[in-house]
Amino acid sequence: MTYSIFARDGTSCIVLKRESREAAERKARELTDLGWFDVQIEEEVQIEEAECSGK
């Protein structure tokens with residue numbers, strides 16, 4: 001499962017990806033400590049290629 005971390009610092013926005021929820025939470029705390037705000041973690045939905053094509 002992949003997790004995306006979205007953060008803003010007023011003029012910039014970054015998106016980081018982590019492979020585990022724990023790693024994402026750890027990085028989100030680091031970003032908050034560095035002054036980034038509006039830090040959010042979202043779980044990425046993995047869709048199989050066959051599901052996308054309707055087969």
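Here, every reference points to the structure presented above.
Predicted, not measured: the structure shown is a model, and the values here were computed from it. (Residues numbered from 1 in each chain as written. Predicted model: local features only at pLDDT ≥ 70, side-chain atom pairs only at ≥ 80, totals over all residues. Heavy atoms only, no water.)

**Q** Can you tell me about the environment of L31, naming the residues and giving the values?
**A** Assignment of secondary structure puts L31 in helix α1 (residues 21-33). Note: C-alpha distance between L31 and I5 (26 residues apart in sequence) is 9.7 Å. If sequence neighbours within four positions are ignored, L31 has contacts with I5, A7, I14, L16, W36 and V39. (Helix = DSSP H or I, 4+ residues; strand = E, 2+ residues; numbered from the N terminus. Contact = heavy atoms within 4.5 Å.)

**Q** Mind laying out the pattern of salt bridges, listing which residues take part and the relevant values?
**A** Tallied over the full model, the rule gives 4 salt bridges. With a shortest N-O distance of 2.3 Å, K17 and E44 are connected by a salt bridge. Residue K17 is found in strand β2 (residues 13-18), and its partner E44 is found in the loop between β3 (37-43) and α2 (49-53); the two are separated by 27 residues along the sequence. Given the relative accessible area of 23%, E44 is considered partly exposed. (Salt bridge = Lys/Arg side-chain N within 4 Å of Asp/Glu carboxyl O. Buried < 20%, exposed > 50% of the residue type's maximum accessible area, 1.4 Å probe, protein only.)

**Q** Which residues make up the sheet that holds β2, and what are the values?
**A** Judged by pairing direction, the sheet is antiparallel, and its 3 strands sit side by side in the order β2-β1-β3 without closing on themselves. Pairing within the sheet leaves two strands with one partner each, and these edge strands are β2 and β3. Strand-to-strand twist across the sheet, computed as the mean angle between neighbouring axes with direction ignored, equals 20°. Looking at chain direction, strand β1 (residues 3-8) and β3 are connected through 5 bridges and run antiparallel. (Pairing = 2+ DSSP bridges. Axes fitted to C-alpha atoms, helices over the stretch in contact; angles between N-to-C directions.)

**Q** Can you explain the environment of I5? Please cite residues and give values.
**A** Tracing the chain through its elements places I5 in strand β1. For the pair I5 and V39, spaced 34 residues apart in sequence, the C-alpha to C-alpha distance is 6.9 Å. If sequence neighbours within four positions are ignored, I5 has contacts with I14, V15, L16, R18, A24, K27, A28, L31, V39, Q40 and I41.

Shape is all these values report; function is a separate question.
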